[in-house]
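Tertiary structure, described
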2 protein chains.
Amino acid sequence: MIDRLEFLIALASEQHFGRAAEACGVTQPTLSAGIKQLEGMFGVMLVQRGSRFIGLTEEGERALEWARRIVGDARAMRQDMDAMKHGLVGHIRIAAIPTALAMIAMLTTPFRAQHPDVRFTVLSRTSVEALAQLENLEVEAAVSYIDNEPLGRVSVVPLYRERYRLLTSADSEFGQRDHVTWAEVGRIPLCLLTPDMQNRRIIDKLLRASGTEPAPTLQSNSMIVLYAHVRTGRWSTVMPAKLAETLGLTDAVRSVPIVDPEETHTMGLIVPDREPMTAMTSALVKEAKRLAKVLEPSLAAGAESLRPRPIV
Amino acid sequence: MIDRLEFLIALASEQHFGRAAEACGVTQPTLSAGIKQLEGMFGVMLVQRGSRFIGLTEEGERALEWARRIVGDARAMRQDMDAMKHGLVGHIRIAAIPTALAMIAMLTTPFRAQHPDVRFTVLSRTSVEALAQLENLEVEAAVSYIDNEPLGRVSVVPLYRERYRLLTSADSEFGQRDHVTWAEVGRIPLCLLTPDMQNRRIIDKLLRASGTEPAPTLQSNSMIVLYAHVRTGRWSTVMPAKLAETLGLTDAVRSVPIVDPEETHTMGLIVPDREPMTAMTSALVKEAKRLAKVLEPSLAAGAESLRPRPIV
DNA sequence: TGGAGCGATTGAAAATTGCTATCGAAGCTG
DNA sequence: CAGCTTCGATAGCAATTTTCAATCGCTCCA
């Protein structure tokens, strides 16, 4: 039964019977039959039938929600039983947005000190991709904004607030200032993330609110690229303070707080809302809470509350 | 896989391989092998092996939590797909505590008007039994106290507050009063529910707080028994106002508010906290919210809030 | 010490599963 | 529009898995 549900998930994700089958490690007829079995068992069509894959039916979409949940729990159960066997052993995959990548080390390093047999995969993703991967069980956790775009059915641990800095060379127009306004930032040429990144959208919004149309002279989906350009002394960029600290400043590069408005956005660890949590997830959550206490005590205090009872 | 998990649940509930097998509709060797397969798949012992069933291991208990969840979701998925097929058809089982039994009709009647193909089973249970049955997937919903003893992983819809009345004959000591105190109630002979009922424990606590030791002259686990005794004109009892209204008063029986302290306890509909909810559950929740608005507008207002995002 | 109860084991029958090969419909191309 | 490709469905067959009836061995208790 559960393997059929995996077929459905794969089919929805690949939108193609053959590729879905390959992803599941079975042949196409097997996957085809599996879907047909689900349809028979429920007595409803799940996929729109045509000469090729068109899409799921309404019932199929609903079934997909359940399938994701059940398959997710089944995998979590496996992981959890493994953890009961050997202590925490295994693999955590984390999807993080580019501006959060540098701080992941603050999470993974103390975690590994406590659980040496856990391996990590950290993926750079847009916030939308990160949530999608969490949903599709392709990662165990995500680090992204938790106060902006709507999240799905997840639990969050607030980690810190992003405060923005202008990174610019010491001898540039604002290189010696102790703060600049967004309006001023808007006047100089910038390297920024690509617009699929939420950080870029936030910066765009702040620039527009201050009356300038964002027109970066260079954009990339990697912070490394932006930073490398700033290091040449000829470019500027905007990045969160935490990230600027991690990258380290040189004599040539200064980090200038941007004010007016001094807007902040909260970053957090996002994990599937599953009860019981797997031992792995709950260890990660525990570490994240500890980290939050260090990074931003005010946030952490609020997050200490127990899980509220859902009132529907 | 899922059927094996059902084996585990049945085994935990029956504490006996043979009976568990029967409950699952398989033979004992099949169930035995199923459990062994789970153990093999996870690489851990789930049951304490001995000449007879002793209990689950620690890992087994943990696995049981997951199994309940996964099996519950799988059943919910089936129900939900059925509902998508024919509209709302099927069976809702509700466990309610005795003092709430009368108001169930206010939930089921309008529900059935909208969904004529749904059948109901309403079971009278103690609050502890009701929650256990909800947990074991033996009922779809419960109606019980939501502000006293801790609930499990469930969603609640507050319905109304229980306010207590003395039901007594018109010609008895307090028959003409417009209120009595708990201390006064403690002085007269009462028929009360048995102590396994939470309502009884609440009343006991209130009586003790007012300085009398509860010593009912008759106790029963059925409100009907209590009411029948009061109707004879020779007995008194304490019951929630809502229930007293439903049973209807005669000239001979009066309902006197009890004050000092005028304590109230909240009753609510309790359903599994599952996302997505089945069509059935969500229709029931919707009806319960509507009912709450009629019964106790102040409560309903608070309950309108969306499900809070869990912050762990 | 013998019987009853419980769970494990065994071997054979039955059911299910998954594969290869192939088909037919639809879309694309020259 | 013929030929080619892609996609999903179907058929037949081999392998695996599942289930059951029968029975065994252990333990507890009378």
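Procedures and definitions
Residues numbered from 1 in each chain as written. Chains lettered and ligands numbered in written order. Predicted model: local features only at pLDDT ≥ 70, side-chain atom pairs only at ≥ 80, totals over all residues. Heavy atoms only, no water. Least-squares fit on C-alpha atoms with pLDDT ≥ 70 in both. Contact = heavy atoms within 4.5 Å. Buried < 20%, exposed > 50% of the residue type's maximum accessible area, 1.4 Å probe, protein only. Helix = DSSP H or I, 4+ residues; strand = E, 2+ residues; numbered from the N terminus. Pairing = 2+ DSSP bridges. Phe/Tyr/Trp six-rings, centres within 6.5 Å; stacked < 30°, edge-to-face > 60°. Buried area = accessible area lost by both parts, 1.4 Å probe. Salt bridge = Lys/Arg side-chain N within 4 Å of Asp/Glu carboxyl O. Polar contact = N/O pair within 3.5 Å; in protein donor to acceptor, adjacent residues only side chain to side chain. Near = heavy atom within 4 Å. Axes fitted to C-alpha atoms, helices over the stretch in contact; angles between N-to-C directions. Parallel < 35°, antiparallel > 145°, perpendicular 65-115°, else oblique. Left-handed = near helix turned anticlockwise from the far one by under 90°. Nonpolar A, V, L, I, M, F, W, Y, C, P; charged D, E, K, R; others polar.

Quick notes on the relation of the copies chain B and chain A
At an RMSD of 0.1 Å, chain B and chain A line up after a rotation of 180 degrees and a shift of 0.0 Å along the axis. Expressed as an axis order, the relation between the two copies is that of a two-fold axis. In terms of C-alpha distance to the rotation axis, chain B has Ile 70 of chain B as its closest residue, with the C-alpha 2.9 Å off the axis. Here 100% of the contact residues of chain B are again contact residues in chain A; the copies associate through an equivalent surface.

Side note on the pairing of strand E5 (residues 164-169) of chain B
Residues and elements named next belong to chain B. The element E5 is extensively covered by neighbouring structure, given that six of its six residues are classed as buried. Side-chain alternation along E5 places Tyr 164, Leu 166 and Thr 168 on one buried face and Arg 165, Leu 167 and Ser 169 on a second face that is also buried. Bridge count for E5 against strand E9 (residues 236-240) is four bridges, and the pairing is antiparallel. From the neighbouring strand, Leu 166 faces E9, where its bridge partner is Val 238.

Some thoughts on the packing of aromatic side chains
Taken as a whole and judged by the stated rule, the model has six aromatic pairs over all chains. Summarising the aromatic geometry, the rings of Phe 111 of chain A and Phe 120 of chain A are spaced 5.6 Å apart at their centres and angled 80 degrees between planes, so their arrangement reads as edge-to-face.

Quick look at the interface of chain B and chain A
Contacts between chain B and chain A engage 53 residues on the former and 53 residues on the latter. Of the roughly 4900 Å² buried between chain B and chain A, counting both surfaces, carbon and sulfur atoms make up 65%. If you look at where chain B meets chain A, you find four salt bridges. Scanning the region where chain B abuts chain A turns up 10 residue pairs in polar contact (both at pLDDT 80 or more). For the side of chain B that touches chain A, the secondary-structure elements that each account for two or more residues are helix H1 (2-14), helix H3 (28-42), helix H4 (58-86), strand E4 (154-162) and helix H11 (279-295) of chain B.

Quick look at the protein's contact with DNA strand C
By nearness alone, 18 residues border DNA strand C, and Arg 4 and Thr 30 of chain A together with Ser 32, Lys 36 and Arg 49 of chain B come closest of all. A breakdown of the atoms of DNA strand C within 4 Å of the protein gives sugar and phosphate a share of 76%. Separating a phosphate oxygen of DNA strand C from a side-chain N or O atom of Thr 30 of chain A is a distance of 2.5 Å. The separation between a phosphate oxygen of DNA strand C and a polar side-chain atom of Lys 36 of chain B is 2.7 Å. Elements that contribute at least two residues to the surface near DNA strand C include exactly helix H3 (28-42) of chain A together with helix H2 (17-24) and H3 of chain B. Per-element tally for the surface near DNA strand C: the top contributor is H3 of chain B, with four residues.

Some thoughts on the packing of helix H5 (residues 101-114) of chain B against H11 of chain B
Residue and element names in this part refer to chain B. Where H5 meets H11, the axes come as close as 10 Å, and the angle between the chain directions of the two elements is 125 degrees. Comparing the axis directions of H5 and H11 gives the class oblique. Crossing of H5 over H11 shows right-handed handedness. Where H5 abuts H11, its residues Met 103, Met 106, Leu 107, Pro 110, Phe 111 and Gln 114 lie against Met 280, Ala 283, Leu 284, Glu 287, Ala 288, Arg 290, Leu 291 and Leu 295. Grouping the amino acids of the contact of H5 with H11 by side-chain chemistry returns 11 nonpolar, one polar and two charged.

Quick word on the pattern of salt bridges
Scanning the model with the defined rule gives 27 salt bridges over all chains in all. A salt bridge links Glu 39 of chain A to Arg 49 of chain A, with the shortest nitrogen-to-oxygen separation between them at 2.4 Å. Highlighted residues: Glu 39 of chain A in helix H3 and Arg 49 of chain A in the loop between strand E1 (47-48) and strand E2 (55-56), separated in sequence by 10 residues. The residue Glu 287 of chain B makes a salt bridge to Arg 290 of chain B at a minimum N-O spacing of 2.7 Å. You can see Glu 287 of chain B and its partner Arg 290 of chain B sitting in helix H11, three residues apart, about one turn around the helix. With relative accessibility at 39%, the residue Arg 290 of chain B sits in the partly exposed group.

Concerning the sheet that holds strand E6 (residues 154-162) of chain A
All names here are of chain A. With mixed pairing, the five strands of this open sheet are ordered in space as E4-E3-E5-E13-E6. Here the strands that pair on one side only, and so sit at the sheet edges, are strand E4 (118-124) and E6. Pairwise comparison of adjacent strand axes, ignoring direction, gives a mean angle of 20 degrees for this sheet. Bridge count for strand E3 (residues 90-96) against strand E5 (residues 141-145) is three bridges, and the pairing is parallel. From the neighbouring strand, Ala 96 faces E5, where its bridge partner is Val 143. Its contacts with the sheet put helix H11 (residues 279-295) on E3, E4, E5, E6 and strand E13 (265-272), and the angle it makes with E6 is roughly 25 degrees.

Taken by themselves, the reported measurements are silent on function.
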